[in-house]
Amino acid sequence: MSEQAADGPTDAIDLILHQWARERPDLDLSPMALLGRLGLLTRAMERELDELFGRYGLARADFDVLAALRRSGPPYALIPSELSAALMMSRAGMTSRLDRLERAGLVERNLDPADRRSFRVTLTSTGLTRIDTVLTEHAAALRHLVRGLTSEDSATLTRILRTMLAAITESR
């Protein structure tokens with residue numbers, strides 16, 4: 001069970017664990033402390049970042065596409081299969097995102113000169129300005145979200161989460 005104050009649970013997750021320990025002492029639900037808090041943390045982070053992206057007329061999915069194009073380097077262009085791979089999503093799911101971003105003037109699609117059966121998605125100058133502005137605020141928001149951790153805590157947690165993710169993905 002997670003750490004508790006001497007007089008009882010210290011937060012909602014501790015309370016849930018305390019209740020389960022009383023009702024089902026035969027079960028080890030200690031992972032619930034970690035995973036429950038990760039879930040709460042994820043939802044809080046998503047709310048904060050969605051608010052940030054919304055101020056710029058973007059959804060999280062839009063930001064992801066613009067960021068993938070921006071980090072690809074000049075000329076900030078990828079073919080849809082490269083974008084899908086970068087975002088770990090299906091090509092079919094990419095189409096509506098690209099339609100929305102193209103209507104907003106943030107990306108453009110042109111035939112790929114190297115393969116006229118395909119096209120390239122490129123950041124427009126407006127898209128480049130938008131992603132650079134949002135990315136600057138995004139970086140500040142991320143720093144704000146981890147402000148309670150020391151550099152050592154952050155490195156340790158990163159290592160632990162990497163190990164957890166590897167174990168989960170290897171077991172599939």
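As annotated in an unreviewed UniProt entry, the protein carries the name MarR family transcriptional regulator and is attributed to Spongiactinospora rosea.

1. Quick notes on the overall build of the protein
Summing up its helical and strand segments, the protein has seven helices and three strands in all. The order of helices and strands in the protein, counted from the N terminus, is α-α-α-β-α-α-β-β-α-α. The C-alpha radius of gyration of the protein comes to 21 Å, more than 25% above the 16 Å expected for a compact globule of 172 residues. Based on the C-alpha atoms only, the size of the protein along its principal axes is roughly 65 × 35 × 30 Å. Considering the protein as a whole, with its 172 residues, one finds that 26% of them fall into the buried category. If you take every contact in the protein between residues at least 6 apart in sequence, the share linking residues at least 24 apart comes to 45%. On the protein, roughly 11300 Å² of surface is accessible, and the fraction owed to carbon and sulfur atoms is 57%. Each charge sign in the protein was given a centre, from 23 positive and 24 negative side chains, and these centres are 6 Å apart.

2. A closer look at the packing of aromatic side chains
What the rule picks out here adds up to one aromatic pair. Look at F53 and F63: their rings are 4.4 Å apart centre to centre, the planes differ by 15 degrees, and that puts the pair in the stacked class. Residue F53 is found in helix α2 (residues 31-55), and its partner F63 is found in helix α3 (residues 60-71); the two are separated by 10 residues along the sequence. Summarising the burial analysis for this pair, F53 and F63 share the class buried.

3. A few points about the pattern of salt bridges
Inspection of every chain in the model, using the stated rule, returns 12 salt bridges. In this structure, D132 and R70 form a salt bridge, with 2.7 Å as the shortest nitrogen-oxygen distance. Of this pair, D132 sits in helix α6 (residues 125-145) while R70 sits in helix α3, and the two are 62 residues apart along the sequence. Residues joined in a network through salt bridges with shared partners are D11, D14 and R37.

4. Comments concerning the pairing of strand β3 (residues 115-123)
Relative to β3, strand β1 (residues 77-78) runs antiparallel, the two sharing two bridges. Of the residues in β3, the one forming a bridge with L78 is V121. Note that strand β2 (residues 107-112) and β3 share six bridges and pair antiparallel. Across the sheet, residue E108 finds its bridge partner in β3, namely T122. What sits between the antiparallel neighbours β2 and β3 is a turn of two residues.

Reading the values: rules and limits
Residues numbered from 1 in each chain as written. Predicted model: local features only at pLDDT ≥ 70, side-chain atom pairs only at ≥ 80, totals over all residues. Heavy atoms only, no water. Helix = DSSP H or I, 4+ residues; strand = E, 2+ residues; numbered from the N terminus. Rg over C-alpha atoms; globule rule 2.2 N^0.38 Å. Buried < 20%, exposed > 50% of the residue type's maximum accessible area, 1.4 Å probe, protein only. Contact = heavy atoms within 4.5 Å. Areas by Shrake-Rupley, 256 points an atom, 1.4 Å probe, with all protein chains shown as cover. Lys, Arg positive; Asp, Glu negative; His and termini not counted. Charge placed at Lys NZ, Arg CZ, Asp CG, Glu CD. Phe/Tyr/Trp six-rings, centres within 6.5 Å; stacked < 30°, edge-to-face > 60°. Salt bridge = Lys/Arg side-chain N within 4 Å of Asp/Glu carboxyl O. Pairing = 2+ DSSP bridges.

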